[in-house]
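# Understanding the architecture of this molecule
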Amino acid sequence: IKKYSIMYIKKSIVSDFKKNGVVKVKNLVPKKVINKCLKELFIKKDYKTAQRDGNVVFDSFGKKKTVKYLQHAQNYIPIFFQLFNSQILQVAKKLLNQDVYFECMGIHNKAPKFGTDTPYHQDNFYFCLSPPFALTAYIPLEKQDKTNGELKYIRSSHKKGVMQHYPSKIKAFSSGLKKQSYKESEIIFPKLNVGDVVFHHCNIVHGAEGNNSKKKNRNAVAIKIVGKDAKIDKNQFKIYQKFRSKNRKFA
């Protein structure tokens, strides 16, 4: 998707979102803001409060330890609020065709050499929303490619509804789909650069490989945006909570 004026969201963006379940908007977040966030992120921090709240998951390899996932990131590193701008909200409103609201944001990281893979999953297994009026605005803080764990989507899979998930032992991802192979034509690699934002439907199947690079981090922010007509599915929420409680034992 090419750069466009926020005052006029192209119909093609909406139709692509309906068809494929995912769209990319280039240069939607100022790089200066992202650089400020990265600078703050790399300052050594005490995550005791986040640990107490159950909102941080660490990855470790030998003596090395790094944050893998920080839920409600803006509460612990306030500058990350600046990533959530009015333009992102306007695009989300147009894509979901209803008024929307910000719910939360999280930082996902894959550290060089030992950042683990992200299992194929659907966000809505975690969101537990019915009807599924929600999306994720995914903001790469660093360039992504196949060496450091590039995000990948299964084209049009959001049309199939929420599929059966299974408990996962991968840290910060309590649930995933059974492993299966997809045709190359079915997989979308958005090729993300700093400043881009990917909007993906809460039901689309997506995942990522681990970080096999020697030096490149793979930090990104995922912002959950929910439509006003979405409701919590209580039965689904019970299943999610059960899986989550088991997974946090590996955190």
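This text follows the structure it describes.
So, here is what we can say about the structure in this document.

What follows deals with the sheet that holds strand 1 (residues 22-25). Taken together, the seven strands give an open sheet; going across it, the order is 1-11-6-13-4-3-2, and neighbouring strands pair in antiparallel fashion. Sheet topology places strand 1 and strand 2 (56-61) at the edges, where each strand pairs with a single neighbour. Strand-to-strand twist in this sheet, taken as the mean axis angle between neighbours without regard to direction, amounts to 20°. On top of the sheet, helix 1 (residues 11-20) reaches strand 1, strand 6 (134-140) and strand 11 (197-201); it is set at about 145° to strand 1, its chief contact.

For helix 2 (residues 31-41), the complete set of buried residues consists of V33, I34, C37, L38 and L41. An end-on view of helix 2 places all buried positions within 135° of arc, on one side of the element. Structural note: helix 2 exposes K32 and K39 on the side pointing more than 90 degrees away from its buried face. Against strand 4 (100-108) and strand 6 lie the buried residues of helix 2.

Applying the stated criterion to the full structure yields eight aromatic pairs. Through successive ring pairs, a cluster of aromatic residues spans F125, Y126, F237, Y240 and F243. Positioned above the aromatic ring of F58, the side-chain terminus of K65 is 4.4 Å from the ring centre. Above the plane of the ring of F189 lies K146, whose end atom (NZ or CZ) is 4.7 Å from the centre.

A surface patch of positive charge is lined by K64, K113, K214 and K215. For K64, the position within the fold is in strand 3 (residues 64-71).

Moving on: the pattern of salt bridges. The final tally for this structure, using the stated rule, is eight salt bridges. We note a salt bridge from K45 to E40, for which the minimum N-O separation is 3.0 Å.

Turning to its location among the elements, H108 is positioned in strand 4. Classification of H108 by relative accessible area gives buried; the value is 17%. Taking the C-alpha atoms as reference points, H108 and R218, 110 residues apart in sequence, are found 7.9 Å from one another. Contacts of H108, omitting those with residues within four sequence positions, involve K68, Y69, F173, R218, N219, A220 and A222.

Moving on, we come to the nonpolar core. Residues F80, L83, I88 and F199 are the most contacted members of the largest nonpolar core, which totals 40 residues. Once residues within four sequence positions are removed from consideration, L83 is found in contact with V29, V33, I34, C37, I88, I139, L141, V221 and I223. F125, C128, A172 and V226 belong to the second largest nonpolar core, which has 15 residues in total.

On to the pairing of strand 1. In strand 1, alternate side chains face the same way, and those of V22 and K24 on one face and V23 and V25 on the other are all buried. Judged from the four bridges that link them, strand 1 and strand 11 form a sheet pairing that is antiparallel. What sits directly across from K24, in strand 11, is V198.

Here is what the cut-offs are and how they apply
Sequence order sets the numbering: in each chain, residues are counted from 1 along the sequence as written. Predicted model: local features are reported for residues with pLDDT of at least 70 only, side-chain atom pairs are reported and counted for 80 or more only, and whole-chain, interface and lining totals are derived from all residues. The basis for every side-chain value is the complete set of heavy atoms in the structure, and neither hydrogens nor water enter the calculation. Here the rule is simple: two strands pair whenever DSSP picks up at least two bridges between them. Think of it this way: any DSSP run of H or I at least four residues long counts as a helix, any run of E at least two long counts as a strand, and we number them from the N terminus. Comment: axis = line fitted to C-alpha atoms, over the contacting stretch for helices; angle = value between 0 and 180 degrees taken between N-to-C directions. Note on contacts: a residue pair is in contact if any heavy atoms of the two residues lie within 4.5 Å. Exposure categories follow from relative accessible area, calculated using a 1.4 Å probe and restricted to protein chains: below 20% of the type maximum is buried, above 50% is exposed, and the middle band is partly exposed. Taken from the helix axis, the directions to the C-beta atoms give the arc we talk about. Geometry of aromatic contacts follows a simple scheme: Phe, Tyr and Trp rings, the Trp one being its six-membered ring, pair when their centres are within 6.5 Å, and the pair is stacked under 30 degrees between planes, edge-to-face over 60, tilted otherwise. The rule is short: NZ of Lys or CZ of Arg within 6 Å of the ring centre and within 35 degrees of the ring normal puts a charge over the ring. To count toward a patch, a residue needs a relative accessible area above 30% and no salt bridge. Like charges then connect within 9 Å, nonpolar side chains (Val, Leu, Ile, Met, Phe, Trp, Tyr) within 5 Å. With residues, only the protein chains shown are counted as cover, and all accessible areas are computed by Shrake-Rupley using a 1.4 Å probe. Note on definitions: salt bridges are taken to be side-chain nitrogens of Lys or Arg within 4 Å of carboxyl oxygens of Asp or Glu. His is not counted here, nor are the chain ends, while Lys and Arg score as positive and Asp and Glu score as negative. To locate a charge, take atom NZ for lysine, CZ for arginine, CG for aspartate or CD for glutamate. Here, nonpolar core refers to any group of buried Ala, Val, Leu, Ile, Met, Phe, Trp, Tyr and Cys residues whose side-chain atoms link them within 4.5 Å.

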